[in-house]
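The lines below spell out each chain.
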Amino acid sequence: MSLNTPIFLKEREEDNSKFVEIQQSQTTSIAAEDPLQNLCLASQEVLQKAQQNGRSKCLKCGGSRMFYCYTCYVPVENVPIEQIPRVKLPLKIDIIKHPNETDGKSTAVHAKLLAPEFVNIYTYPCIPEYEEKDHEVALVFPGPKSVSVKEISFHLQEKIQNNVGGKNDDLDKPFIKRKKTEEQDLNDSKCKDTTLKKIVFIDSTWNQTNKIFTDERLQGLLQVELKTRKTCFWRHQKGKPDTFLSTIEAIYYFLVARTCLRMKPAKESRVER
């Protein structure tokens, strides 16, 4: 009796592999073209009840609000926090909010409400220190130096190599010791994780963004642009192109783009028999 796998089983296995590959390709394509297509929506019953009851009190500041407090970033009294879905994100998010941005109109709060453990909001001029972490942090903002989402890993690795190559503090050391130091720095750079760990967004009207964007504390960050997305936000800024996204849209579309990228290697890494 032959121990070789029958031909029809091999053909079935290849067909299954092709089917999985097609399914992954279609899922990625749908997510890219219509990112709202596969959303799993939580029940809106809690919000409907709150709307019927009207404005309620914030348990932290006592302010009268509808649904949530845009100052304290928490649901109001008649919206039980356990009924609000919590989202786990693949990385941390920092949002730098312009001081003149109206709190009640800011969509950054929505991200903080749904993912409080992953999202932090800072009011300018308060900006975290990113200088020692610029190889794992990026800023979403359009411009001539911006890169696409799929180019992030390459440019973060490039930053690590440039940081190592740019060290000139040891020029007074003997050549042999300096060479060993350079080799150690190079090895350390190869061991560094180039995975993006934090993404920064600016929450402001487009006319006010320049003050934050040009801040020297953000100049060393890799700049990323979402070039193909159009806003669906009902309060679109007049006189601006439809590619100018609201903060919550930019966050969502960025995460969708990252997810699509992570799905693609699965089909490319399949071993051909």
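Cut-off values and rules
Residues numbered from 1 in each chain as written. Predicted model: local features only at pLDDT ≥ 70, side-chain atom pairs only at ≥ 80, totals over all residues. Heavy atoms only, no water. UniProt positions renumbered as here; feature names shortened; annotations may be inferred. Helix = DSSP H or I, 4+ residues; strand = E, 2+ residues; numbered from the N terminus. Buried < 20%, exposed > 50% of the residue type's maximum accessible area, 1.4 Å probe, protein only. Contact = heavy atoms within 4.5 Å. Areas by Shrake-Rupley, 256 points an atom, 1.4 Å probe, with all protein chains shown as cover. Phe/Tyr/Trp six-rings, centres within 6.5 Å; stacked < 30°, edge-to-face > 60°. Lys NZ or Arg CZ within 6 Å of the ring centre and 35° of its normal. Pairing = 2+ DSSP bridges. Polar contact = N/O pair within 3.5 Å; in protein donor to acceptor, adjacent residues only side chain to side chain. Salt bridge = Lys/Arg side-chain N within 4 Å of Asp/Glu carboxyl O. Axes fitted to C-alpha atoms, helices over the stretch in contact; angles between N-to-C directions. Right-handed = clockwise from strand over helix to strand, strands pointing away.

As annotated in an unreviewed UniProt entry, the protein carries the name tRNA-uridine aminocarboxypropyltransferase 1 and is attributed to Balaenoptera musculus. Among the UniProt annotations of the protein, the heading Sequence similarities (unreviewed entry) holds the following wording: "Belongs to the TDD superfamily. DTWD1 family." Its UniProt record, at the heading Catalytic activity (unreviewed entry), says of the protein: "a uridine in tRNA + S-adenosyl-L-methionine = a 3-[(3S)-3-amino-3-carboxypropyl]uridine in tRNA + S-methyl-5'-thioadenosine + H(+)".

A. Region of the structure containing the overall build of the protein. On a plain count of helices and strands, the protein comes out with seven helices and nine strands. Across the 273 residues that make up the protein, the buried fraction comes to 35%. A separation threshold of at least 6 residues defines the contact pool for the protein, and within that pool the share at least 24 residues apart is 74%. Within the structure as shown, the protein displays about 18,000 Å² of accessible surface, and the carbon and sulfur contribution to it stands at 51%.

B. How the structure looks around the packing of aromatic side chains. As enumerated under the stated definition, the model contains four aromatic pairs in all. Between Phe-141 and Trp-206, the aromatic rings sit 5.9 Å apart at their centres with planes inclined by 40°, giving tilted as the arrangement. Here Phe-141 is found in the loop between β7 (137–140) and α4 (152–165), whereas its partner Trp-206 is found in the loop between β8 (198–203) and α6 (209–213), with 65 residues between them in sequence. Taken together through their ring pairs, the aromatic side chains of Phe-141, Trp-206 and Phe-213 make up a single cluster. Positioned above the aromatic ring of Phe-118 is the side chain of Lys-92, whose terminal nitrogen or guanidinium carbon lies 5.1 Å from the ring centre.

C. Just the pairing of β7, in detail. Of the two faces of β7, both are covered, the one formed by Val-137 and Leu-139 as well as the one formed by Ala-138 and Val-140. Strand direction decides the pairing type here: β7 and β8, joined by three bridges, are parallel. In the strand pairing of β8, Leu-139 is matched with Val-200.

D. Examining the side chain of Glu-101 more closely. With respect to the element layout, Glu-101 can be found in the loop between β5 (92–97) and α3 (108–114). You can call Glu-101 buried: its relative accessible area is 13%. A polar atom in the side chain of Glu-101 sits 3.3 Å from the backbone nitrogen of Thr-205. Non-local contacts of Glu-101, meaning those with residues more than four positions away in its chain, are made with Ser-106, Asp-203, Ser-204, Thr-205 and Gln-208.

E. The arrangement of the pattern of salt bridges in detail. This structure, assessed with the given rule, holds five salt bridges. Lys-97 is the partner of Asp-103 in a salt bridge, and the nearest nitrogen-oxygen pair spans 2.7 Å. Residue Lys-97 is classed as buried on the basis of its relative accessible area of 6%. Note that Lys-197 and Glu-136 form a salt bridge whose closest N and O atoms lie 3.7 Å from each other. Here Lys-197, found in the loop between α5 (175–191) and β8, pairs with Glu-136, found in the loop between β6 (119–123) and β7; they are 61 residues apart in sequence, far enough to count as distant.

F. How the structure looks around the sheet that holds strand β9 (residues 222–224). Across the sheet, five strands lie side by side as β6-β5-β8-β7-β9; this open sheet has parallel pairing. Taken across any chain shown, the strands that pair with only one partner, and hence form the sheet edges, are β6 and β9. Between one strand and the next, the sheet's axes are offset by a mean angle of 25°, whatever the strand orientation.

G. Seen up close, the pairing of β6. In terms of strand pairing, β5 meets β6 through five bridges, oriented parallel. Following the sheet pairing, Ile-96 is matched in β6 by Tyr-122. Once you follow β5 into α3 and on to β6, the crossover reads as right-handed.

H. Examining the environment of Asn-120 more closely. For Asn-120, the position within the fold is in strand β6. By relative accessible area, which is 34% here, Asn-120 ends up partly exposed. Separated by 27 residues in sequence, Asn-120 and Ile-93 have C-alpha atoms that sit 6.4 Å apart. What Asn-120 contacts, discounting residues up to four positions off in sequence, is Ile-93, Asp-94, Ile-95 and Lys-112.

I. Inspection of the side chain of Ser-146 at higher detail. Assignment of secondary structure puts Ser-146 in the loop between β7 and α4. Residue class for Ser-146 comes out buried when judged on its relative accessible area of 11%. At 2.7 Å, the side chain of Ser-146 forms a polar contact with the backbone oxygen of Gly-143. Residues contacting Ser-146, with those up to four places away along its chain left out, are Phe-141, Gln-223, Val-224 and Glu-225.

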